[in-house]
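Next come the chains, spelled out residue by residue.
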Amino acid sequence: AAGGDPGGATGAASLDVLAGGSGGGDGSAHCTSNPGAGAGGGALQLSTTQAITIGTTGRVLAGGGGGGGGAYCLVFEDSGRGGGSGGAIYLQAASITNLGVVAANGGGGGGAAGNAAGTAGADGGAGTTSATGGLTGTITTGGSGGAAAPAAPGTASGASDGGGGGGAAGRIVLRAPMISAGVTSPAAVTRAD
């Protein structure tokens, strides 16, 4: 069976409405105990008339959770669960200096079961690297989460159900007259008003 589709970005890139990310999709459920889909990342707005400085070891994160691996029970091999999409980060200040990381990356999709349970996808992390998808044995069948690159679909593994799709990257807005964006993933929308 084919793997799950990747999550798509939702809402306006300008974050006119501040909302967290969406949870990943569920897969097939032949077995009684299945790990869940990845949770969506949260939403954070920080507004001040002062400066915001994120230090070199600082992190502002709203990553999506990795999707659970497909369960294996007797003759059934369940599909992997979808990764959660990244959330929303909105920073507004007199100036913004980011020496660390601001990230709202999507989680990786879970691997499909195949003679054993699939492994979970990785959570959306800090930096620009996509979260890895879960495994079916030694083969990656879960789609990677969205970050600097778009989320990827899950893939099939033999006759088993497919891996879960990766969660989409979230949204980041930096709003200040003076901005030093540093590392943001996905790329931030910047506004100088």
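A brief look at the structure comes next.

Conventions we followed
- Residues numbered from 1 in each chain as written.
- Predicted model: local features only at pLDDT ≥ 70, side-chain atom pairs only at ≥ 80, totals over all residues.
- Heavy atoms only, no water.
- Pairing = 2+ DSSP bridges.
- Helix = DSSP H or I, 4+ residues; strand = E, 2+ residues; numbered from the N terminus.
- Axes fitted to C-alpha atoms, helices over the stretch in contact; angles between N-to-C directions.
- Core = buried A, V, L, I, M, F, W, Y, C linked by side-chain atoms within 4.5 Å.
- Buried < 20%, exposed > 50% of the residue type's maximum accessible area, 1.4 Å probe, protein only.
- Contact = heavy atoms within 4.5 Å.
- Patch = residues over 30% accessible without salt bridge, like charges linked within 9 Å, V, L, I, M, F, W, Y side chains within 5 Å.
- Areas by Shrake-Rupley, 256 points an atom, 1.4 Å probe, with all protein chains shown as cover.
- Salt bridge = Lys/Arg side-chain N within 4 Å of Asp/Glu carboxyl O.

**Digging into the sheet that holds strand S2 (residues 51-54)**
Right, on to step 1. Ordered by their spatial adjacency, three strands build an open sheet running S2-S7-S12, and the pairing between neighbours is parallel. Looking along the sheet, the strands with just one partner apiece sit at the ends: S2 and strand S12 (178-180). Averaged over all adjacent pairs, the angle separating strand axes in this sheet is 5°, with direction ignored.
Right, on to step 2. Pairing analysis gives three bridges linking strand S7 (residues 95-98) to S12, with the strands arranged parallel. Each bridged residue has a counterpart across the sheet, and for Ile96 the counterpart in S12 is Ile179.

**Details of the nonpolar core**
Right, on to step 1. By size, the foremost hydrophobic cluster in this structure holds 13 residues, and its most contacted members are Ile52, Ile54, Ile89, Leu91, Ile96, Val102 and Ile172.
Right, on to step 2. Mapped onto this core, the elements with two or more residues apiece are S2, strand S6 (88-92) and strand S11 (171-175).

**Quick notes on the environment of Leu44**
Right, on to step 1. Turning to its location among the elements, Leu44 is positioned in strand S1 (residues 43-47).
Right, on to step 2. Linking Leu44 and Arg171, residues 127 residues apart in sequence, is a C-alpha distance of 11 Å.
Right, on to step 3. Every residue in contact with Leu44, bar those within four places of it in the chain, is listed here: Leu18, Val60, Ala88, Ile89 and Tyr90.

**Some points on a nonpolar patch on the surface**
Right, on to step 1. Taken together, the side chains of Leu74, Val75 and Phe76 define a hydrophobic patch exposed on the protein surface, amounting to about 370 Å² of accessible area.
Right, on to step 2. Assignment of secondary structure puts Phe76 in strand S5 (residues 76-77).
Right, on to step 3. Relative accessible area serves as the criterion here: at 39%, Phe76 is assigned to the partly exposed category.

**So, the sheet that holds strand S13 (residues 183-185)**
Right, on to step 1. Read across the open sheet, the three strands follow the order S3-S8-S13; overall the sheet is parallel. Because the sheet does not close on itself, it has two edges, and the strands there are strand S3 (59-61) and S13. Taking the axes of each pair of neighbouring strands and ignoring which way they run, one obtains an average angle of 5° across the sheet.
Right, on to step 2. The pairing of strand S8 (residues 101-103) with S13 spans three bridges and is classified as parallel. Bridge pairing in S13 links Val101 to Val183.

**Considerations on the environment of Ala126**
Right, on to step 1. In this structure, Ala126 sits in the loop between S8 and strand S9 (135-136).
Right, on to step 2. You can call Ala126 partly exposed: its relative accessible area is 43%.
Right, on to step 3. Excluding residues within four positions of it along the chain, Ala126 makes contact with Arg59, Leu61, Val101 and Ala103.

**Re the pairing of S6**
Right, on to step 1. S6 sits mainly inside the fold: four of its five residues count as buried.
Right, on to step 2. Sheet analysis places S1 next to S6, joined by five bridges and oriented parallel. Note that in S6 the partner of Ala43 across the bridge is Ala88.
Right, on to step 3. As paired elements, S6 and S11 share five bridges and run parallel to each other. Across the sheet, residue Gln92 finds its bridge partner in S11, namely Arg175.

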